[in-house]
Amino acid sequence: MIKLEVSVAGVKMCNPLVLAAGVRSNYADLLIRAAKEGAGAVTSKSCSLEPRPGHPNPTAMIHGQVVMNAIGLSNPGAKEEAEQLKKAVKEAGVPVIASVFGKNADEFAEASKIIEKAKPAMIELNISCPNVHREGRMFSADPAATEEIVRAVKKAVKLPVSAKLSPNVTDIAEIAVAAKRGGADAITAINTLSGMWIDAYAKKPYLANRQGGVSGPGIKPVALRCVWQIRQAVDLPIIGGGGITSGTDAAEMLMAGATAVSIGSAVCYRKNAFAEISKELAEFMESEGYAKVSDIKMD
Ligand SMILES: Cc1cc2nc3c(=O)[nH]c(=O)nc-3n(C[C@H](O)[C@H](O)[C@H](O)COP(=O)(O)O)c2cc1C
């Protein structure tokens, strides 16, 4: 009998597949839909204390193995987001992870306090979005800033907190250690890689923002390497993802050291992604003699 259940920082999931932040927007109905499609947990799009309009169009593109976006963290602000999350928490039937970001530690803490009222299962701190560079630092490039933000949020809320890390750093393990020092209960990795795509005939970048975040199947090797390095450095549970589109991809991510596996861009490539990927993971476990998810290890 194959057991797909996992637990991340005390949050129990019926399978290890977690909808990654942002891919299904801020709307409760889309989070609920991912849950009904078979996600073990769902993450909301990152929200800030105040509403943000985001970047002008075009904000996303898909080309072969790569998805790029520069949505600019558009969101309705923490108060409105909390209303959406209340509905998602009530109706999704799986844990809801709420993603939060801010311009400084106080804003992260303030937004998290408002979001906590919706009773999500966990807060995920988006300290890694590459699109906010111009308005401030990417916090997860700096161990001291990472530690400060995690500590501020842990002081502000009672929920478990996961720090979402960026691959766009020299030493991701050092940042994971800093997040742990700040009191993080889990690590989420990875956010998108910083990138650019140019239309040679139009002689212009595809995205209005010129730069964007790269996701999709092409980034899987980077994600596996990052999760493996984090696993060597800290003993916290890891929600690992980046380019995961199949059951064997998910198994690879678990072998790299992830506790659960996030699924983002795969929803652009596969119909019924969650149900299909969890079915394939169960088949892989059956064929390789694994009874439970935590048994999946590299030699
Ligand atoms: C359209 C889109 C929007 C995203 N929005 C967010 C976001 O709001 N917050 C965040 O932390 N990550 C966001 N991400 C990053 C994903 O959560 C994920 O970390 C990344 O896409 C890598 O995983 P994937 O290759 O499975 O998509 C977004 C990704 C995409 C494609």
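Remember, it's a predicted structure, so these values are computed and weren't measured experimentally.

Draft legend 1. The nonpolar core, seen in detail. Counting residues in each nonpolar core, the largest one holds 98 residues, and the members touching the most others are Val 42, Phe 108, Ile 115, Leu 125, Leu 165, Ile 187 and Ile 230. With six residues, the single largest contributor to this core is helix α9 (residues 273-288). If near-sequence neighbours (up to four positions away) are discounted, Ile 230 is found in contact with Leu 165, Ile 172, Ala 176, Ile 187, Ala 189 and Ile 238.

Draft legend 2. Just the site of the ligand, in detail. Every one of the 20 residues lining the ligand counts as a neighbour, but Ala 21, Ser 46, Lys 164, Gly 243 and Ser 265 are closest to it. A distance of 3.3 Å is found between an oxygen atom of the ligand and a side-chain nitrogen or oxygen belonging to Asn 126. A distance of 2.9 Å separates an oxygen atom of the ligand from a polar atom in the backbone of Gly 216. Starting from 610 Å² of accessible surface for the ligand in isolation, the protein chains cover 94%. Its residues assigned to classes, the shell around the ligand shows six nonpolar, twelve polar and two charged.

Draft legend 3. The sheet that holds strand β3 (residues 17-19), seen in detail. Strand order in the closed barrel made by the eight strands is β3-β4-β7-β8-β9-β10-β15-β16, with parallel pairing throughout. Strand-to-strand twist in this sheet, taken as the mean axis angle between neighbours without regard to direction, amounts to 25 degrees. Looking at chain direction, strand β10 (residues 186-189) and strand β15 (residues 238-241) are connected through three bridges and run parallel. Paired with Ala 189 across the bridge in β15 is Gly 240.

Draft legend 4. Looking closely at the confidence of the model for the protein chain. Taken over all residues, the pLDDT of the protein chain has a mean of 95, while the share at 70 or more is 97%. Contacts from residues 130-134, a stretch scored under 50 in pLDDT, to residues over four places away or in other chains number 14 contacts.

Draft legend 5. A look at the pairing of strand β14 (residues 211-215). Most of β14 is tucked away, with four of its five residues classed as buried. The sheet contact formed by strand β6 (residues 66-69) and β14 spans three bridges and is antiparallel. Among the inter-strand pairings, Val 67 is bridged to a residue of β14, identified as Ser 215. Here strand β11 (residues 193-196) pairs with β14 via four bridges, running antiparallel. Its bridge partner being in β14, Leu 193 is matched across the sheet by Val 214.

Draft legend 6. Spatial organisation of the sheet that holds β6. As summarised here, the arrangement of the four strands in space is β5-β6-β14-β11, forming an open sheet in which the pairing is antiparallel. A strand with exactly one partner marks an edge of an open sheet, and here the two such strands are β5 (60-63) and β11. Between one strand and the next, the sheet's axes are offset by a mean angle of 35 degrees, whatever the strand orientation.

Draft legend 7. Geometry of the environment of Asp 249. Along the chain, Asp 249 falls in helix α7 (residues 247-256). Spatially, the C-alpha atoms of Asp 249 and Gln 65 are 14 Å apart, while their sequence positions differ by 184 residues. If we skip the residues at most four places from it in the chain, Asp 249 touches Lys 220, Gly 243 and Ile 244. Reaching out from Asp 249, the side chain makes a polar contact with the side chain of Lys 220 at a distance of 2.8 Å. Among the polar contacts listed, one links the side chain of Asp 249 to the backbone nitrogen of Thr 245, at a separation of 2.8 Å.

Thresholds, definitions, all that
- Residues numbered from 1 in each chain as written.
- Predicted model: local features only at pLDDT ≥ 70, side-chain atom pairs only at ≥ 80, totals over all residues.
- Heavy atoms only, no water.
- Core = buried A, V, L, I, M, F, W, Y, C linked by side-chain atoms within 4.5 Å.
- Buried < 20%, exposed > 50% of the residue type's maximum accessible area, 1.4 Å probe, protein only.
- Helix = DSSP H or I, 4+ residues; strand = E, 2+ residues; numbered from the N terminus.
- Contact = heavy atoms within 4.5 Å.
- Near = heavy atom within 4 Å.
- Polar contact = N/O pair within 3.5 Å; in protein donor to acceptor, adjacent residues only side chain to side chain.
- Areas by Shrake-Rupley, 256 points an atom, 1.4 Å probe, with all protein chains shown as cover.
- Nonpolar A, V, L, I, M, F, W, Y, C, P; charged D, E, K, R; others polar.
- Pairing = 2+ DSSP bridges.
- Axes fitted to C-alpha atoms, helices over the stretch in contact; angles between N-to-C directions.
- pLDDT = per-residue confidence, 0-100.

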